[in-house]
Amino acid sequence: MKKNIFRNTASVLFGMMLGVVLVVGGCAAAKTHTPNISSSVTTPVLAADPSGARNTPVVKVAKDVGPAVVGITNKALVRDFFNRVQLTERGTGSGVIYDKSGLIVTNNHVVEGAQEIVVSLSDGRSVPGRVLGVDAATDLAVVKIDADNLTVATFGDSDQTLVGEPAIAIGNPLGLEFRGSVTVGVISALNRSIDLGERRFKLIQTDAAINPGNSGGALVNADGEVIGINSAKIAVSGVEGIGFAIPINSAKPIIADLEKQGRVIRPYIGASLLDKEIAERYGIDIDLHDGIYVLKIAAGGPAWKAGIRTNDIILKFDGAAINLVSDLRDRISNMSVGEKVKMEILRGDEKLTFNLTLEEMPAQ
């Protein structure tokens, strides 16, 4: 897991460097870490609308958007001390209802490995849910419930988000005992880039408190529009006020794919790659000055069909010089299945050019 986070994003990249430990999703809150606090909180009934001074945008957001944020409990089969298999709660997270038919967006890690999903609504109902699709690459998932009288959140335009404007996070920090918690801050930065392994995430940074269990919850602007899905928090002693959300504009097409086909269709070249940064990080001794080293080729994949082989060095992709695996992945992610590209390869002392056709990445 990469400790060097930030570059300035977008989709999500370029800025500061922090030596910290990154936990994706502020992860789902484990049951064993939840304080023993009763969740039966009585909501006061107001005789009239609050005064103008009290009826702030945050109050309006909590009233209008809060009911659209749900709790998601992940249950899985585990063996107990007596070697019996039992269905046990693994943890809880949050989700956002975005369609009256009962469609909910959440984080992949909230529902990952679940044999059973229970969705807790703001009105006290608990209903079973089923996972329609997940995308581990972006940590997004879509869950479906069958229920009526649902409050639906409105998606905004995250490209119009401004640094310094109010940011309101709604979710279930530390579990359902604190369901519907509202925390307030500002948009700290846009287009932050976080590298996890070989993947790069472009995220919104906020100082609104995001804790374990907030994963999959809503980041909302002062107009009551969801501009992000809370997904990551820096968890290290001494670091406060740095949380992250997946921009809703980046999430929308992924949500649509998950809803319709259960997965995201992406182009790929079919090769395991190594750049200078990755080699140094893992202590791999390789003589690589420019380009990306081809560590392994998937037999029958696009790169194999094009004529690229193990030990080749990719110098250019679609006319652009390439020195980082993450840069190559970003370029490929912005292209379409079936698109043709030229690749300049160094094989020994000889430079070669190959024509490669991008294919659909296999489901597994």
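Please refer to the structure higher up on the page.
Right, let's walk through the structure included here. Computed from a predicted structure; not experimentally measured.

With that settled, the discussion passes to a nonpolar patch on the surface. On the surface, a nonpolar cluster with roughly 260 Å² of combined accessible area is contributed by Leu77, Val85 and Leu87. Following the sequence through the fold, leucine 87 ends up in strand β5 (residues 85-99). Residue class for leucine 87 comes out partly exposed when judged on its relative accessible area of 39%.

Our next topic: unusual backbone geometry. A positive phi angle is found at aspartate 139, which is not glycine, with a value near 60 degrees. Along the polypeptide, aspartate 139 turns up in the loop between β8 (126-135) and β9 (140-145). On the accessibility criterion, aspartate 139 (5% relative accessible area) is buried. In this structure, aspartate 318 is a non-glycine residue whose phi angle is positive, near 55 degrees. Counting through the fold element by element, aspartate 318 comes out in the loop between β20 (313-317) and β21 (320-321).

With that settled, the discussion passes to the sheet that holds β9. In spatial order, the strands read β4-β5-β6-β9-β8-β7; together these 6 strands close into a barrel with antiparallel pairing. The mean angle between the axes of side-by-side strands here comes to 40 degrees, regardless of whether they run parallel or antiparallel. Along the sheet face, helix α3 (residues 248-261) touches β5, β6 (103-106), β8 and β9 and points at about 50 degrees away from the line of β9.

In this section: α3. With 14 residues, α3 should cover 20 Å at 1.5 Å per step; its first-to-last C-alpha distance of 20 Å lies within 8% of that length. Listed in full, the buried residues belonging to α3 are Ile248, Ala251, Ile254, Ile255 and Leu258. Just past α3, the residue glycine 262 takes up positive phi, approximately 80 degrees.

As a further point, take the pattern of salt bridges. Under the counting rule described, the total for this entry stands at 8 salt bridges. The residue aspartate 148 makes a salt bridge to arginine 125 at a minimum N-O spacing of 3.3 Å. Of this pair, aspartate 148 sits in the loop between β9 and β10 (154-155) while arginine 125 sits in the loop between β7 (116-120) and β8; the two residues are 23 residues apart in sequence, bridging distant segments of the chain. You can call arginine 125 partly exposed: its relative accessible area is 26%. For glutamate 359, the salt bridge is made with lysine 305, and the minimal N-O distance between the two is 2.9 Å. Placement of glutamate 359 in strand β24 (residues 359-360) and of lysine 305 in helix α5 (residues 302-306) is noted, with a sequence separation of 54 residues between them. Given the relative accessible area of 24%, glutamate 359 is considered partly exposed. Connected via shared salt-bridge partners are Asp123, Arg125 and Asp148.

Scanning all chains against the criterion turns up 1 aromatic pair. Centre to centre, the rings of tyrosine 98 and phenylalanine 155 are 5.8 Å apart; their planes meet at 25 degrees, and the pair counts as stacked. Here phenylalanine 155 lies in strand β10 and tyrosine 98 lies in strand β5, a separation of 57 residues in the sequence. By relative accessible area, which is 15% here, tyrosine 98 ends up buried.

Calculation notes
Residues numbered from 1 in each chain as written. Predicted model: local features only at pLDDT ≥ 70, side-chain atom pairs only at ≥ 80, totals over all residues. Heavy atoms only, no water. Patch = residues over 30% accessible without salt bridge, like charges linked within 9 Å, V, L, I, M, F, W, Y side chains within 5 Å. Areas by Shrake-Rupley, 256 points an atom, 1.4 Å probe, with all protein chains shown as cover. Salt bridge = Lys/Arg side-chain N within 4 Å of Asp/Glu carboxyl O. Helix = DSSP H or I, 4+ residues; strand = E, 2+ residues; numbered from the N terminus. Buried < 20%, exposed > 50% of the residue type's maximum accessible area, 1.4 Å probe, protein only. Pairing = 2+ DSSP bridges. Axes fitted to C-alpha atoms, helices over the stretch in contact; angles between N-to-C directions. Contact = heavy atoms within 4.5 Å. Expected span 1.5 Å × (residues − 1). Phe/Tyr/Trp six-rings, centres within 6.5 Å; stacked < 30°, edge-to-face > 60°.

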